Amino acid sequence: FFGGRLYLTGLAGHAWALDARTGQPAWTYRREYPSGMVNCCGAINRGFAVLGDTLYMGTIDARLIALSVKDGTVSWESPVADASKGYSVTMAPLVVKDKVIVGVSGSEFPTRGFIDAYNARNGNRVWRFYTVPAPGEPGSDTWPSAEAMAKGGGGVWGAGSYDPDLNLVFYGTGNPNPAYYGQDRVGDNLYTSSLVALDADTGTLRWHYQFTPHDLHDWD
């Protein structure tokens, strides 16, 4: 709620601006999705972020879009991931200074999770943090192979938070893939089922805590 309006998102790429006093719609937005998407768990959307006169929303076809507060027109659209491989964006974005930060859903498929930051003005990507490391990176010794890491899951679908004094963003990460079978991913499987703290300006990992090493129960 701000400026006398309620701004809401719903299933299947719907969004509304409602007059807070009367409930009458000021505008509506509906996204048309392409064919060929692979989605696990419904056309979920967990809400907007806002900065100035712009609203930010993730989509089931793994895009980040910016909508005008005034009339719901699209200011820009940025591809986050390939929806045909099981990626989607279901979380509410987080605005930190001049950046819009989002993560991807899709740990039910052979995907590699990540968190992105985009320039709030033009949608250009500023940084990316992979929640499953590449070979040779810190944490890669908790995976048995490059193949396991490339499809290791670790989606980030829950809302993040920001500490301005530390300039850190905090995110919980999702389950490893496969979710219930661990023989193909022997090890702790960082940074899945963890809390990660990232530098808000660069996306650099400052620290992590793994709640469930080698998660076999889809606890996230």
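Predicted model, so just to flag it, every value in this text is computed and none were measured. (Residues numbered from 1 in each chain as written. Predicted model: local features only at pLDDT ≥ 70, side-chain atom pairs only at ≥ 80, totals over all residues. Heavy atoms only, no water.)

Chemist: Any chance you could break down the pairing of strand β13 (residues 168-172) for me, citing the residues and the numbers?
Modeler: A large share of β13 lies buried, amounting to four of its five residues. Once strand β12 (residues 161-163) ends, the chain turns through four residues before running back antiparallel as β13, passing Asn 167 with a positive phi of about 55 degrees. (Buried < 20%, exposed > 50% of the residue type's maximum accessible area, 1.4 Å probe, protein only. Helix = DSSP H or I, 4+ residues; strand = E, 2+ residues; numbered from the N terminus. Pairing = 2+ DSSP bridges.)

Chemist: Lay out the environment of Val 89 with the relevant residues and their values.
Modeler: Structurally, Val 89 is set in the loop between β7 (74-79) and β8 (94-96). Separated by 94 residues in sequence, Val 89 and Gln 183 have C-alpha atoms that sit 29 Å apart. In this structure, Val 89 is in contact with Gly 58, Thr 59, Ile 60, Ala 62, Arg 63, Val 80, Val 102, Gly 103 and Val 104, ignoring residues within four places of it in sequence. (Contact = heavy atoms within 4.5 Å.)

Chemist: Can you lay out the nonpolar core for me, pointing to particular residues and giving the numbers?
Modeler: With 32 residues, the main nonpolar core has Val 80, Ile 101, Ile 115, Val 169 and Tyr 171 as its most contacted residues. At the level of secondary structure, the elements contributing two or more residues to this core comprise β6 (63-68), β8, β9 (99-103), β10 (114-119), β11 (125-130), β13 and β14 (194-199). No other element matches the four residues that β10 contributes to this core. Sequence-distant contacts of Val 80, defined by excluding residues within four places in its chain, comprise Ala 62, Arg 63, Leu 64, Val 89, Val 102, Val 104, Phe 114, Asp 116, Tyr 118 and Arg 128. (Core = buried A, V, L, I, M, F, W, Y, C linked by side-chain atoms within 4.5 Å.)

Chemist: I'd like to hear about the pattern of salt bridges, residue by residue, with values.
Modeler: One pass over the structure, following the stated rule, counts nine salt bridges. Between Glu 77 and Arg 31 there is a salt bridge; the shortest N-O distance is 2.9 Å. With Glu 77 in strand β7 and Arg 31 in the loop between β3 (25-30) and β4 (49-51), the pair connects residues that are 46 residues apart, well separated along the chain. On the basis of relative accessible area, Arg 31 is assigned to the buried category, the value being 9%. A salt bridge links Lys 151 to Glu 147, with the shortest nitrogen-to-oxygen separation between them at 3.8 Å. Judged by relative accessible area, Lys 151 falls into the partly exposed class, the value being 29%. Note on Glu 147: relative accessible area 57%, which makes it exposed. One network of salt bridges, with partners in common, ties together Arg 31, Asp 61, Arg 63 and Glu 77. (Salt bridge = Lys/Arg side-chain N within 4 Å of Asp/Glu carboxyl O.)

Chemist: I'd like to hear about the packing of aromatic side chains, residue by residue, with values.
Modeler: Evaluated as defined, the whole model comprises eight aromatic pairs. Plain terms: the ring middles of Tyr 56 and Trp 76 are 5.9 Å apart, the flat faces sit at 45 degrees to each other, and that makes the pair tilted. In this pair, Tyr 56 is assigned in strand β5 (residues 54-58) and Trp 76 in strand β7, connecting sequence segments 20 residues apart. When the centroid spacing of 5.9 Å and the interplanar angle of 50 degrees are considered together, the rings of Phe 170 and Trp 207 count as tilted. With Phe 170 in strand β13 and Trp 207 in strand β15 (residues 205-210), this residue pair connects regions lying 37 residues apart in the sequence. Here a set of aromatic residues connected by ring pairs shows up, and it is made of Phe 2, Tyr 7 and Trp 27. Sitting above the plane of the Tyr 130 ring, Arg 112 keeps its charged end 3.7 Å from the centroid. Taking NZ or CZ as reference, Arg 128 lies 3.6 Å from the ring centre of Phe 114, over its face. (Phe/Tyr/Trp six-rings, centres within 6.5 Å; stacked < 30°, edge-to-face > 60°. Lys NZ or Arg CZ within 6 Å of the ring centre and 35° of its normal.)

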